[in-house]
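Summary of structural features
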Amino acid sequence: MGSLFEEHELHPVSVERACGQSPFFLTCDHASNRMPESLGTLGLEAADLQRHIAWDIGAAEVSRHLSEHLDATLVLQNYSRLVVDCNRPKESEQLIPLKSERTVIPGNQTLSAIAREQRHTEIFIPYHGAITELLDRRDQQGPTVFVAIHSFNAVYLDHGRPWHIGILY
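Let us look at the structure shown here. (Residues numbered from 1 in each chain as written. Predicted model: local features only at pLDDT ≥ 70, side-chain atom pairs only at ≥ 80, totals over all residues. Heavy atoms only, no water.)

**Remarks on the layout of surface pockets**
Over the atoms, a rolling probe the size of a water molecule traces out where space has been left empty. Roughly 1,300 Å³ of internal volume is contained in the largest pocket. In terms of lining, the largest pocket is formed by 35 residues, of which the most central are D56, H150, S151, F152 and L168. Every element with two or more residues in the lining of the largest pocket is listed here: helix 2 (59–70), strand 4 (99–100) and strand 6 (145–148). (1 Å grid on protein atoms, 1.4 Å probe; cavity = no way out; pocket = protein on both sides within 12 Å on 5 of 7 lines; lining within 4 Å. Points joined across faces, edges and corners; volume = space filled by probe spheres on them. Helix = DSSP H or I, 4+ residues; strand = E, 2+ residues; numbered from the N terminus.)

Right, dumping it as C-alpha cells:
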C-alpha cells in the first residue's frame, strides 16, 4: 500500500510562528475539510464536506488571527476529521468515524486494519509529533498556556446549544 498522499499534496500538519514568543501555544485539530486525493470524498456529497461533520468551520481562521495577534505558535491539522480525528485516542471508535451526527461516511465503512493504521501513521502521528516537538523546545521558555481551538454548531442532533463560547479544561 502506497502513501495516502500524492507528492504535490499539502503536508498533514502546518506550523505557524514556530518560534512565537507568547506563552500561548495554539492547536487546531479540525482546521480543514480537505481530503487526500487518494480517498476522493469518502463517498460524500460536496455539500456534506462543507458541514461541521467534516471540520470545525471558522476555527482555522480564528486560530490564525489569534496566533498573529499574540505571536503564538500554532499547529494545524490539514485534513478532515472524517479521514482521521486527531482529537480522539487511537482506541476510540470515533478515530475514523463510520457516522457523524446522522451522516454515514461510506468511505469509512469497510476499512481494513492496515488502512486504519495508515491514516493514523500518516496524519495523526505527524500532527501530534509536531505538537510534542514544539512543546519540548519551549520547555526552557517558561510557562506555556496550551489552547486547542474548536468550533461547534448552534444545533446538534436537533438540540439547540445556546452557548457562544465554551472553555474546557
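Now, onward.
**With respect to the sheet that holds strand 2 (residues 24–28)**
Backbone-to-backbone hydrogen bonds join strands into a sheet, with any given pair of strands oriented parallel or antiparallel. Here we have four strands laid out as an open sheet, ordered 1-3-2-6, and mixed in their pairing. With one partner strand each, in any of the chains shown, strand 1 (13–16) and strand 6 form the two edges of the open sheet. Direction aside, neighbouring strands of the sheet carry axes that sit 15 degrees apart on average. Two strands pair when backbone bridges link them, and strand 2 and strand 3 (residues 73–77) are joined in this way by four bridges, in the parallel orientation. The residue of strand 3 that forms the bridge with L26 is L74. Lying on the sheet, helix 2 is in contact with strand 1, strand 2 and strand 3; it crosses strand 2 at an angle near 165 degrees. (Pairing = 2+ DSSP bridges. Axes fitted to C-alpha atoms, helices over the stretch in contact; angles between N-to-C directions. Contact = heavy atoms within 4.5 Å.)

**Focus on the pairing of strand 2**
Side-chain direction in a regular strand flips from residue to residue, so the side chains alternate between the two faces of the sheet. The element strand 2 is largely enclosed, with a buried count of four among its five residues. Direction of pairing for strand 2 relative to strand 6: parallel, over a ladder of four bridges. Along strand 6, the bridge assignment pairs F25 with F146. (Buried < 20%, exposed > 50% of the residue type's maximum accessible area, 1.4 Å probe, protein only.)

**Thoughts on the environment of E7**
Inspection of the secondary structure puts E7 in the segment before strand 1. Assessed through its relative accessible area of 84%, E7 is described here as exposed. Along the backbone, E7 and N153 are 146 residues apart, and their C-alpha atoms lie at a distance of 34 Å.

**Notes on helix 3 (residues 113–138)**
When the terminal C-alpha atoms of helix 3 are compared, their 36 Å separation across 26 residues agrees well with the 38 Å that a helix rising 1.5 Å per residue should span. Residues of helix 3 that are buried include every one of A115, Q118, R119, H120, E122, I123, F124, Y127, A130, I131, L134 and R138, and no others. Considering only its buried residues, helix 3 is in contact with strand 1, strand 2, strand 3 and strand 6. (Expected span 1.5 Å × (residues − 1).)

**A few points about the pairing of strand 3**
Where burial is concerned, most of strand 3 is hidden: five out of the five residues are buried. Residues T73, V75 and Q77 of strand 3 are buried on one face, and the alternating residues L74 and L76, pointing to the opposite face, are buried as well. Pairing of strand 1 with strand 3 involves four bridges; the strand directions are antiparallel. Its bridge partner being in strand 3, E16 is matched across the sheet by L74.

**Some remarks on the environment of T103**
Note that T103 resides in strand 5 (residues 103–104). With 59 residues separating them in the primary sequence, T103 and L44 have C-alpha atoms 9.0 Å apart. Excluding residues that lie within four positions of it along the chain, T103 makes contacts with L44, D48, R51, I53 and L98. One polar contact links T103 to R51, side chain to side chain, over a distance of 2.9 Å. (Polar contact = N/O pair within 3.5 Å; in protein donor to acceptor, adjacent residues only side chain to side chain.)

**Here we look at the pattern of salt bridges**
Counted according to the given criterion, the structure contains seven salt bridges. Between R51 and D48 there is a salt bridge whose closest N-O contact spans 2.9 Å. Residue R51 is classed as partly exposed on the basis of its relative accessible area of 30%. (Salt bridge = Lys/Arg side-chain N within 4 Å of Asp/Glu carboxyl O.)

The values reported here are purely geometric and, on their own, carry no functional implication.
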